[in-house]
Amino acid sequence: MGTITTTDGTEIFYKDWGSGQPIVFSHGWPLSSDDWDAQMMFFLQHGYRVIAHDRRGHGRSTQTGNGHDMNHYAGDLAALTAHLDLHDAVHVGHSTGGGEVVRYLARHGQGRVAKAALISAVPPIMVQTEANPGGLPKKVFDDIQAQVAGHRSEFYRDLPATAFYGFNRPGVEPVEAIIQNWWRQGMMGGAKAHYDGVVAFSQTDFTEDLRKITVPVLVMHGDDDQVVPYADSAPLSAGLVQNGTLKTYPGFPHGMPTTHAEIINADLLAFLQS
């Protein structure tokens, strides 16, 4: 574990375990690198070097008041990969982290990168626009910001207990430890970062970024994702990148790296070894 300091003075916390080909994990909103525990332990045991950072304003990184946009997120990731001098890396992003990975690849080049995987990821764009009529209305995200600003702790208890992990579906038993761990991670971060991050993950258009990506990309998404709806995300992203593969998981929720870790890990491993 360690930290790097970016050009604007933000301290970014990261974990760096093991040796071998590096896998770099970018977490979702409003969580931290801890959300990758199941993946990092799995791939560490399979001989990979595993790296994950807390996004600025999240987890143990600086609760800075600015820079909570995809360009800064990608810049921080680029600074980390340069600091660690990574080569032949595989970048894996979940949800907002998928956007971070896409923007990093598009803006900072793919010379250090072998492959990428996007899991339940926000690209190409979440919000509804004239060009994206299948997106979610802006009011959805305005309401999330209002909850973050006024009732963050309560909201961070309700979201993982319902839509995030599909615990609101008939026959699905909520797992209290998973819910509490989500709340713990969320409350470690800063309210300002999380408030601004809603705009970053919902309104950033990654269409042109995706078109620039030439490395192999595995797009993994559950068709019962209640947070990033499937139809307006995964199939579009897989079609925009130059070498994309779409893998659809019937009935899986947004948080499937946690709820279905064994399946997701096995499929990621197969992709890495292919």
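Let me begin by describing the structure that accompanies this report. All values reported here derive from a predicted model rather than from experimental measurement. (Residues numbered from 1 in each chain as written. Predicted model: local features only at pLDDT ≥ 70, side-chain atom pairs only at ≥ 80, totals over all residues. Heavy atoms only, no water.)

1. Quick look at the sheet that holds strand β6 (residues 113-119)
Backbone hydrogen bonds hold the strands of a sheet together, and the pairing may be parallel or antiparallel.
Turning to step 1, where the next piece is worked out: Spatially, the eight strands line up as an open sheet ordered β1-β2-β4-β3-β5-β6-β7-β8, and their pairing is mixed. Each having just a single partner strand, β1 (2-5) and β8 (244-249) make up the two edges of the open sheet. Direction aside, the axes of adjacent strands within the sheet are offset by 20° on average.
Turning to step 2, where the next piece is worked out: Its contacts with the sheet place helix α2 (residues 70-83) against β1, β2 (11-17), β3 (22-26), β4 (49-53) and β5 (89-94), and it is angled at close to 115° to β1.
Turning to step 3, where the next piece is worked out: In this fold helix α3 (residues 96-108) packs onto β3, β4, β5 and β6, with an angle of close to 140° to the strand it touches most, β5. (Pairing = 2+ DSSP bridges. Helix = DSSP H or I, 4+ residues; strand = E, 2+ residues; numbered from the N terminus. Axes fitted to C-alpha atoms, helices over the stretch in contact; angles between N-to-C directions. Contact = heavy atoms within 4.5 Å.)

2. Looking at the packing of aromatic side chains
Turning to step 1, where the next piece is worked out: Per the counting criterion, the structure on display carries 13 aromatic pairs.
Turning to step 2, where the next piece is worked out: Aromatic pair F25 and W36: ring centres 4.9 Å apart, planes at 40°, arrangement tilted. Of the two residues, F25 is situated in strand β3 and W36 in the loop between β3 and α1 (37-45); the sequence distance between them amounts to 11 residues. Here F25 matches W36 in class, with each residue buried. (Phe/Tyr/Trp six-rings, centres within 6.5 Å; stacked < 30°, edge-to-face > 60°. Buried < 20%, exposed > 50% of the residue type's maximum accessible area, 1.4 Å probe, protein only.)

3. What to know about the layout of surface pockets
A water-sized probe rolled over the atoms picks out the places where empty space is left.
Turning to step 1, where the next piece is worked out: Volume-wise, the largest pocket comes out at about 270 Å³.
Turning to step 2, where the next piece is worked out: Lining the largest pocket are 18 residues, and of these F141, I144, L159, F201 and V227 sit closest to its centre.
Turning to step 3, where the next piece is worked out: In terms of residue class, the lining of the largest pocket is built from 14 nonpolar, four polar and no charged. (1 Å grid on protein atoms, 1.4 Å probe; cavity = no way out; pocket = protein on both sides within 12 Å on 5 of 7 lines; lining within 4 Å. Points joined across faces, edges and corners; volume = space filled by probe spheres on them. Nonpolar A, V, L, I, M, F, W, Y, C, P; charged D, E, K, R; others polar.)

4. Notes on the packing of helix α4 (residues 138-161) against helix α6 (residues 191-203)
Turning to step 1, where the next piece is worked out: Running from N to C, α4 and α6 cross one another at 155°; their axes reach a closest spacing of 10 Å. Regarding the angle of α4 to α6, the classification is roughly antiparallel. Crossing angle aside, the handedness with which α4 passes α6 is right-handed. Of the residues in α6, those touching α4 at K138, F141, I144, Q145, V148, A149, R152 and Y156 are A191, H194, Y195, V198, V199, F201, S202 and Q203. (Parallel < 35°, antiparallel > 145°, perpendicular 65-115°, else oblique. Left-handed = near helix turned anticlockwise from the far one by under 90°.)

5. A short note on unusual backbone geometry
Turning to step 1, where the next piece is worked out: Of note, the bond from W29 into P30 is cis; its omega dihedral lies within 30 degrees of zero at -10°.
Turning to step 2, where the next piece is worked out: Counting through the fold element by element, P30 comes out in the loop between β3 and α1.
Turning to step 3, where the next piece is worked out: A cis geometry characterises the amide bond from P123 onward to P124, with omega recorded as 5°.
Turning to step 4, where the next piece is worked out: Structurally, P124 is set in the loop between β6 and α4.
Turning to step 5, where the next piece is worked out: For D85, which is not glycine, the phi torsion reads 50° and is therefore positive.
Turning to step 6, where the next piece is worked out: The topology assignment puts D85 in the loop between α2 and β5.
Turning to step 7, where the next piece is worked out: Assessed through its relative accessible area of 47%, D85 is described here as partly exposed.
Turning to step 8, where the next piece is worked out: Its identity as a non-glycine residue notwithstanding, S95 has a phi of 55°, on the positive side.
Turning to step 9, where the next piece is worked out: Within the secondary structure, S95 is located in the loop between β5 and α3.
Turning to step 10, where the next piece is worked out: The class for S95 is buried, based on a relative accessible area of 6%.

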